[in-house]
Amino acid sequence: MPSSDSTALHRAWESLTAFGPHGDAHWVALRAGVSMGVPLLLLWAIGRLDLALPATFGAFTALYGRANSHRPRALMQSTAAVILVASVATGTVLSAVGAGEWLVVVGLAGIAAVAALASLVWAWHPPGVLFPVFAVGATAGASVSSRDVALHLAVAVATALFALVVGAMGALTPARHRPRQHWDAPLHAALRSPRTAPEVTRVTLAVALAAIVATVFGLGHAYWASVAAAAAIAGPSTRNQVLRGVHRAVGTFLGVVVAAGLLALDLGTLATILLVIVLQVGAELLIGRNYAVALMVVTPLALLMVHLGSTAPVTSLLQDRLSDTILGVVVGLAVVVAWDRVLPRRR
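Cut-off values and rules
Residues numbered from 1 in each chain as written. Predicted model: local features only at pLDDT ≥ 70, side-chain atom pairs only at ≥ 80, totals over all residues. Heavy atoms only, no water. Helix = DSSP H or I, 4+ residues; strand = E, 2+ residues; numbered from the N terminus. Buried < 20%, exposed > 50% of the residue type's maximum accessible area, 1.4 Å probe, protein only. Areas by Shrake-Rupley, 256 points an atom, 1.4 Å probe, with all protein chains shown as cover. UniProt positions renumbered as here; feature names shortened; annotations may be inferred. Phe/Tyr/Trp six-rings, centres within 6.5 Å; stacked < 30°, edge-to-face > 60°. Lys, Arg positive; Asp, Glu negative; His and termini not counted. Salt bridge = Lys/Arg side-chain N within 4 Å of Asp/Glu carboxyl O. Contact = heavy atoms within 4.5 Å. Axes fitted to C-alpha atoms, helices over the stretch in contact; angles between N-to-C directions. Parallel < 35°, antiparallel > 145°, perpendicular 65-115°, else oblique. Left-handed = near helix turned anticlockwise from the far one by under 90°. Expected span 1.5 Å × (residues − 1). Core = buried A, V, L, I, M, F, W, Y, C linked by side-chain atoms within 4.5 Å. Patch = residues over 30% accessible without salt bridge, like charges linked within 9 Å, V, L, I, M, F, W, Y side chains within 5 Å.

1. Brief notes about the overall build of the protein
Here is step 1: Looking only at helices and strands, the protein has 14 helices and zero strands in total.
Here is step 2: Residues classed as buried in the protein amount to 49% of the 347 residues present.
Here is step 3: Surface exposure of the protein reaches about 15900 Å², of which carbon and sulfur atoms provide 69%.

As structure tokens, then:
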């Protein structure tokens, strides 16, 4: 009989190379590409790419509710939009007041707690806090003056509303035959569930601990560690979370290699924006099929987004992305394992 170690390795390799069904991902990819692409091209046309980050995170509204029918998707996206805009507001204010790195850690933990609760209450898909945490960290690291805070917030609101409109346009097309998942927000069930408080605490702990460790070690872009931890702990079971962590680490490593090649091309601004749009579409085509392969697209996408509004050297961006991700995955999985030893095993 094969040993448990060899079986685990076989399963890990199988998960890294297996692809799930397509699942009409082209519609999600189209919505995501339009929701992000139109605002970015408009900002480029008027010479205001300094607003690219709030525009992008508002547009992330389009990524929610991919398996839902139109009205339930609109409801889910509306709740996600509120949290995403709040995340942009949090990070932008932290940047404007010149908050130190430890205040940013507090901001990351705070939005993680709020987003974790919202994800459970409104049954977000994708679940978890990855995008809100990313939004706080990236905008807090940008250079924003106090007089521009309102403008950044307005841009995030506008792009979130645009994403909602794009998502609703599918209702105008003929209904497809494939049954769609409906959504009934389990508000009362989530608030009364004994699982809710521990889950919110666990997520917040992982996000905060990853940011703290990254900050203590002086890693640049410490919020990337929090993002990786948030991704690693998202999953219905410990086994699923461990495999997701492996996918995150492997996919990010390969994605950094891809990003290094793309950034070495030194593309112009417009070409970079167009590439970001293509990568966003590619990410949504792959994210539900193979997480590791999707990270090979998501990683250069994230790095190009940050590069658009950053003066940091490319080499440091690549190094930070890799080191922070590995650290975040390790912290996230450590919290998962420790948590399962302290509390009864989750069903």
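2. Looking at the UniProt feature "transmembrane region" (unreviewed entry) in the protein
Here is step 1: UniProt marks residues 41-63, 75-96, 102-122, 151-172, 205-233, 253-279, 291-310 and 322-339 with the feature "transmembrane region" (unreviewed entry), using the numbering shown here.
Here is step 2: Spanning residues 41-63, this segment combines 57% helix with 0% strand, and its end C-alpha atoms are found 19 Å apart.
Here is step 3: When the span residues 253-279 is considered, its composition is 85% helix and 0% strand, and the gap between its end C-alpha atoms is 17 Å.

3. What to know about the packing of aromatic side chains
Here is step 1: All chains considered together, the criterion is met by seven aromatic pairs.
Here is step 2: Here the aromatic rings of Phe57 and Phe60 are separated by 5.4 Å at their centres, their planes lie at 90°, and the arrangement is edge-to-face.
Here is step 3: Relative accessible area serves as the criterion here: at 0%, Phe57 is assigned to the buried category.
Here is step 4: Here Phe60 falls in the buried class, since its relative accessible area comes to 4%.
Here is step 5: An aromatic cluster is defined as three or more aromatic residues linked by ring pairs; in this entry it consists of Phe57, Phe60, Tyr64, Trp124, Phe131, Phe134, Tyr223 and Trp224.

4. With respect to the side chain of Arg31
Here is step 1: Structurally, the position occupied by Arg31 is in helix α2 (residues 25-45).
Here is step 2: Despite its burial, Arg31 remains without a salt bridge, the nearest opposite charge being carried by Glu284 at 7.9 Å.
Here is step 3: Once you skip the residues sitting within four places of it in the chain, Arg31 turns out to touch Ala62, Arg66, Arg73, Val166 and Gly167.

5. Side note on the pattern of salt bridges
Here is step 1: Counted by the stated rule, this structure contains two salt bridges.
Here is step 2: Where Arg48 meets Asp50, a salt bridge forms, and the shortest distance between an N and an O atom there is 2.7 Å.
Here is step 3: Measuring nitrogen to oxygen at the nearest pair gives 2.8 Å for the salt bridge that ties Glu199 to Arg202. Placement of both Glu199 and Arg202 in helix α9 (residues 196-216) is noted, with a separation of three residues, approximately one turn of the helix.

6. Overview of the packing of helix α4 (residues 70-96) against helix α6 (residues 130-140)
Here is step 1: Closest axis-to-axis distance for the α4/α6 pair is 7 Å, and the angle between their directions is 25°. Comparing the axis directions of α4 and α6 gives the class roughly parallel. Where α4 crosses over α6, the two elements pack in a sense that is right-handed. Here Ile83, Leu84, Ser87, Val88, Thr90, Gly91, Thr92, Leu94 and Ser95 of α4 come into contact with α6, specifically with Phe131, Pro132, Ala135, Val136, Thr139 and Ala140.

7. Section: the environment of Ala86
Here is step 1: Secondary-structure assignment places Ala86 in helix α4.
Here is step 2: Note: C-alpha distance between Ala86 and Ile111 (25 residues apart in sequence) is 8.3 Å.

8. Things to note about α2
The α-helix winds at 3.6 residues per turn, so residues separated by three or four positions along the chain end up facing the same way.
Here is step 1: The end-to-end C-alpha separation of α2 is 30 Å, in line with the 30 Å expected for 21 residues at 1.5 Å each.
Here is step 2: Three or more residues of α2 are buried, namely Ala25, Val28, Ala29, Arg31, Ala32, Gly33, Ser35, Met36, Gly37, Pro39, Leu40 and Leu43.
Here is step 3: Each element contacted by the buried residues of α2 is listed here: α3 (52-59), α4, α7 (149-168) and α12 (269-286).
Here is step 4: Phi turns positive one or two residues past the end of α2, at Gly47, with a value near 70°.

9. Here we look at the nonpolar core
Here is step 1: Within the largest apolar cluster, 85 residues are counted, with the highest numbers of intra-cluster contacts made by Phe60, Val129 and Phe134.
Here is step 2: In terms of residue count, the dominant contributor to this core is helix α13 (residues 291-308) (10 residues).
Here is step 3: Once residues lying within four places of it in the same chain are set aside, the contact partners of Phe60 are Met36, Leu84, Phe131, Phe134, Gln280 and Met305.

10. A look at a nonpolar patch on the surface
Here is step 1: A surface patch of nonpolar side chains, amounting to about 320 Å² of accessible area, comprises Trp27, Leu30, Val34 and Val38.
Here is step 2: Following the sequence through the fold, Val38 ends up in helix α2.

11. Points about unusual backbone geometry
Here is step 1: Pro126 follows His125 through a cis peptide bond whose omega is 10°.
Here is step 2: Tracing the backbone through its elements, the reader meets Pro126 in the loop between α5 (101-121) and α6.
Here is step 3: You will see that Ala123, though not glycine, has its phi angle at about 50°, which is positive.
Here is step 4: Even without glycine at this site, His221 takes up a positive phi of about 50°.
Here is step 5: Tracing the sequence through the fold places His221 in the loop between α9 and α10 (223-232).
Here is step 6: Overall, the relative accessible area of 22% leaves His221 in the partly exposed class.

12. A look at the packing of α2 against α12
Here is step 1: Contact pair α2 / α12: the axes reach a minimum separation of 8 Å and the direction vectors enclose 160°. As far as their axial angle goes, α12 and α2 are roughly antiparallel. In the crossing of α2 with α12, the sense of the turn from one axis to the other is right-handed. Taken together, the residues of α12 that come into contact with α2 (itself represented by Ala25, His26, Val28, Ala29, Ala32, Gly33, Met36, Gly37, Leu40, Leu41 and Trp44) are Thr269, Leu270, Ile273, Leu274, Val276, Ile277, Gln280, Val281, Glu284 and Leu285.

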